[in-house]
Amino acid sequence: MPPPPLLLLLLLAALAAAAAGPGCPLPRGPAGGCHGPSAADSATCVDMQLRTCSDVAYNWTTFPTLLEQRSREAVESSSEYILLSVLHHLLEGQCNPDLRLLGCAVLAPRCEGGRVHRPCRHVCEGLREACQPAFDAIDMAWPYFLDCGRYFASVEEGCYDPLEKLREGLDVEEALPSGLPPTFIHFTHHSYAQMVRVLRRTAARCAHVAKTYSIGRSFNGKELLVIEFSARPGQHELMEPEVKLIGNIHGNEVAGREMLIYLAQYLCSEYLLGSPRIQRLLNTTRIHLLPSMNPDGYEVAAAEGAGYNGWTSGRQNAQNLDLNRNFPDLTSEYYRLASSRSVRSDHIPIPQHYWWGKVAPETKAIMKWMRTTPFVLSASLHGGDLVVSYPFDFSKHPQEEKMFSPTPDEKMFKLLARAYADVHPMMMDRSENRCGGNFLKRGSIINGADWYSFTGGMSDFNYLHSNCFEITVELGCVKFPPEEALYTLWQHNKEPLLNFVEMVHRGIKGVVMDKFGKPVKNARILVKGIRHDITTAPDGDYWRLLPPGPHIVIAQAPGYSKVIKKVTIPARMKRAGRVDFILQPLGTGPKKVLLGPRRSGSGLRDPLGGASPYGEPEEVGQEPLGGRRQPSSGGSKPWWWSYFTSLSQHKPRWLLKY
């Protein structure tokens, strides 16, 4: 087992050393907590001087605390307080800084006007529901002092929201310059707060077709905010394909971030103005835009400013991880499985050893997002060159830095890449001296591994772990373009972005059901000659991107006889053909199905939250998503407990689940 980072070791050692401190001088209650003052008790308000809680939304606290700690020194020496300072690292950035602020509301209660104000119970309950999987992943009990029933109050009792500061400045509406219509797009760089305001304002203007939602937080606690466009925002509709566009995976590559902010405003405005094309697109497609996957890295790059940014400043996230090298390497496993005809080489599970390494919260958020939404098509927007690349990004011979390494869907991926490049004016510019001119003879598209090979990329992971086809778009040679270049960049990329999203309607779609009309989820759709299956969503619907021409399509599921159909896709067909399947149950006897990749580790919890694709409950033993964070066999203590064993007998045993 690899040792945790040095900083984490130091923090955990401090936690263990403080475990014998006077965290609770009075007898504990049955839930392990102390009985502190009620919200109605009078209190003496004192200045907030706790470093870990220095960014709470209030300036005064009181002693004794809700845990009966009677001085600042008692709080700082308590295991509860020091736990708050290490949760950031223990949970690898998940639920940060939300949990710390929630804990501070108990350890340093808000005091105003001589009264103690308790935090809201509904905020605690919401966080517990969202963050419990992160504690389960490291086999740690939910901290007793975050007992939502004991230390928190209801709205009727006059509670306050301890997370209010996280939204400070994000809900403030920026007035547009005088005389400008609400459809005006300001072609400028957007700070994090400005980006959030624009997305929320856009969703409010088009509330009947748009909404914003968060898929998680960055390591430094910034929301990974998505804006969605659909005829019914917030829900999947039968046979409506889902598309995602992701920008700013590298924090210093900012053009994609701005293009998606502009695209969101454009889609809303054009829909309201009655554009037939945009109305048709939003009425038939569910589009998800994540302008910034790496907001922490962007802050580093933006501090240097456009035109001054180095090639790598801000590229990584706050953990110094390259997010486009942080996904599971399933491509190596694919090459191993591809040699066997009796084993599937699609929907490859995440290997257990992946979780032994450092996995960024941003990476986890994307993987969990993919599990809850049946994405069909995706693009990741980068900067540094002018070309569209497509999987595989990792060479089939690992020693080869440049080697053509196609997927079974090579023809379709080339069509997707060309859908972007062929309508991009600069990608089609015939000058070899321009940015990206070295790709001119290839039509400004390239197989990723034929350009340069790397592992852990997001596009390969999309293709091999899910139904989603993802390409990578390099938007230009300047990673952080000056503000005056943004309007031209938008003009160059508006049509390619729309044209690419419309490609989700190529191929076939349909519903797989049994003879009673009941949908068959997780049925497999096979195409003869293309060794890559896709699966049906919980409602039985599917989408199979296919190039024009004749295809033999097969639908099969365990317990049913397979159904074979021949379909022909016309060259100019721009709307997916409807191909439904009705499966008949098999009689008694052995059932022959194609084996999936071998899975082990039954019963292990899933660090992504225990959901299989599209939110369905995970079957026991389905996927070994665990590793070092899981309980050891034989009832031994979790990996992090070893740091406490050589210290005082007064250890924080309330952290143990067993």
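Residues numbered from 1 in each chain as written. Predicted model: local features only at pLDDT ≥ 70, side-chain atom pairs only at ≥ 80, totals over all residues. Heavy atoms only, no water.

**Topic: the UniProt feature "active site" (unreviewed entry) in the protein**
Thought 1: Under the present numbering, the feature "active site" (unreviewed entry) in UniProt falls on Glu474.
Thought 2: Structurally, Glu474 is set in strand β12 (residues 469–476).
Thought 3: Residues within four places of Glu474 in sequence aside, it is in contact with His382, Gly383, Gly384, Asp385, Leu386, Val387, Met427 and Trp451. (UniProt positions renumbered as here; feature names shortened; annotations may be inferred. Helix = DSSP H or I, 4+ residues; strand = E, 2+ residues; numbered from the N terminus. Contact = heavy atoms within 4.5 Å.)

**Some thoughts on the sheet that holds β12**
Thought 1: The strand order across the open sheet formed by 8 strands is β5-β6-β8-β7-β9-β12-β10-β11, and the pairing between neighbours is mixed. Among the strands making up the open sheet, the edge pair consists of β5 (210–217) and β11 (445–447). The mean angle between the axes of side-by-side strands here comes to 25 degrees, regardless of whether they run parallel or antiparallel.
Thought 2: In this sheet, strand β8 (residues 286–290) lies alongside strand β7 (residues 242–247) in parallel orientation, the contact comprising 5 bridges. Residue pairing for β8: Lys244 is matched across the bridge by His288. (Pairing = 2+ DSSP bridges. Axes fitted to C-alpha atoms, helices over the stretch in contact; angles between N-to-C directions.)

**As for the state of the cysteines**
Thought 1: Taken as a whole, this structure holds 7 disulfides when the rule is applied.
Thought 2: A sulfur-sulfur separation of 2.0 Å characterises the disulfide bridge that pairs Cys95 with Cys131. Its S-S torsion of about -115 degrees marks the bond between Cys95 and Cys131 as left-handed, since a negative value means left-handed. Of this pair, Cys95 sits in the loop between α3 (79–90) and α4 (98–107) while Cys131 is found in helix α5 (residues 121–137), placing the two residues 36 residues apart along the sequence. (Disulfide = S-S within 2.5 Å.)

**Some points on the sheet that holds strand β18 (residues 563–569)**
Thought 1: Across the sheet, 4 strands lie side by side as β15-β14-β17-β18; this open sheet has antiparallel pairing. The sheet is open, and its two edges are formed by β15 (530–535) and β18, each paired on a single side. The sheet shows a mean angle of 25 degrees between the axes of neighbouring strands, taken without regard to direction.
Thought 2: Across 4 bridges, strand β14 (residues 524–527) lies against strand β17 (residues 549–556) in antiparallel orientation. Directly across from Val527, in β17, lies its bridge partner Val553.

**Comments concerning the pairing of strand β10 (residues 385–390)**
Thought 1: With respect to burial, β10 is a largely interior element, 6 of its 6 residues being buried.
Thought 2: Residues of β10 alternate between two faces, with Asp385, Val387 and Ser389 on one and Leu386, Val388 and Tyr390 on the opposite face, all of them buried.
Thought 3: Pairing of β10 with β12 involves 5 bridges; the strand directions are antiparallel. Of the residues in β12, the one forming a bridge with Val388 is Val473.
Thought 4: Bridge count between β10 and β11: 3 bridges; the pairing is parallel. The residue of β11 that forms the bridge with Ser389 is Ile446.
Thought 5: This β-α-β element, β10 to helix α12 (residues 410–421) to β11, shows right-handed connectivity. (Buried < 20%, exposed > 50% of the residue type's maximum accessible area, 1.4 Å probe, protein only. Right-handed = clockwise from strand over helix to strand, strands pointing away.)

**Some thoughts on the side chain of Glu253**
Thought 1: Here Glu253 is to be found in the loop between β7 and α7 (255–272).
Thought 2: Separated by 3.5 Å, the side chains of Glu253 and Arg315 make a polar contact.
Thought 3: A polar side-chain atom of Glu253 sits 3.1 Å from a polar atom in the side chain of Lys479.
Thought 4: Once residues within four sequence positions are removed from consideration, Glu253 is found in contact with Asn248, Arg315, His382, Gly383 and Lys479. (Polar contact = N/O pair within 3.5 Å; in protein donor to acceptor, adjacent residues only side chain to side chain.)

**Considering the pattern of salt bridges**
Thought 1: Within this structure, the stated rule accounts for 24 salt bridges.
Thought 2: Here Glu228 makes a salt bridge to Arg286, at a shortest N to O gap of 2.8 Å. Of the two residues, Glu228 is situated in strand β6 (residues 223–229) and Arg286 in strand β8; the sequence distance between them amounts to 58 residues. The burial state of Glu228 is the same as that of Arg286; both residues are buried.
Thought 3: The salt bridge involving Glu253 is made with Arg315; its shortest N-O contact spans 3.5 Å. With a gap of 62 residues between them, Glu253 in the loop between β7 and α7 and Arg315 in the loop between α9 (295–304) and α10 (331–337) connect regions that are remote in the sequence.
Thought 4: Residues joined in a network through salt bridges with shared partners are Glu253, Arg315, Asp322 and Lys479. (Salt bridge = Lys/Arg side-chain N within 4 Å of Asp/Glu carboxyl O.)

**Things to note about the packing of α4 against α5**
Thought 1: It is the contact of α4 with α5, at a shortest axis distance of 11 Å, that shows an interaxial angle of 130 degrees. Taken as axis vectors, α4 and α5 run oblique relative to one another. Considering the relative orientation of α4 and α5, their crossing is left-handed. Note on element contacts: α5 touches α4 through Val123, Cys124, Leu127, Cys131 and Phe135, opposite Asp98, Leu99 and Leu102.
Thought 2: Classifying every residue of the contact of α4 with α5 by side-chain character gives 7 nonpolar, no polar and 1 charged. (Parallel < 35°, antiparallel > 145°, perpendicular 65-115°, else oblique. Left-handed = near helix turned anticlockwise from the far one by under 90°. Nonpolar A, V, L, I, M, F, W, Y, C, P; charged D, E, K, R; others polar.)

**Considering the environment of Lys244**
Thought 1: Counting through the fold element by element, Lys244 comes out in strand β7.
Thought 2: Judged by relative accessible area, Lys244 falls into the buried class, the value being 0%.
Thought 3: In contact with Lys244, other than residues within four places in its own chain, are His288, Trp369, Met370, Phe375, Leu377, Ser378, Ala379, Asn462, Cys468 and Glu470.
Thought 4: Separated by 3.0 Å, the side chains of Lys244 and Ser378 make a polar contact.
Thought 5: Among the polar contacts made by the side chain of Lys244, one reaches the side chain of Asn462 at a distance of 2.9 Å.

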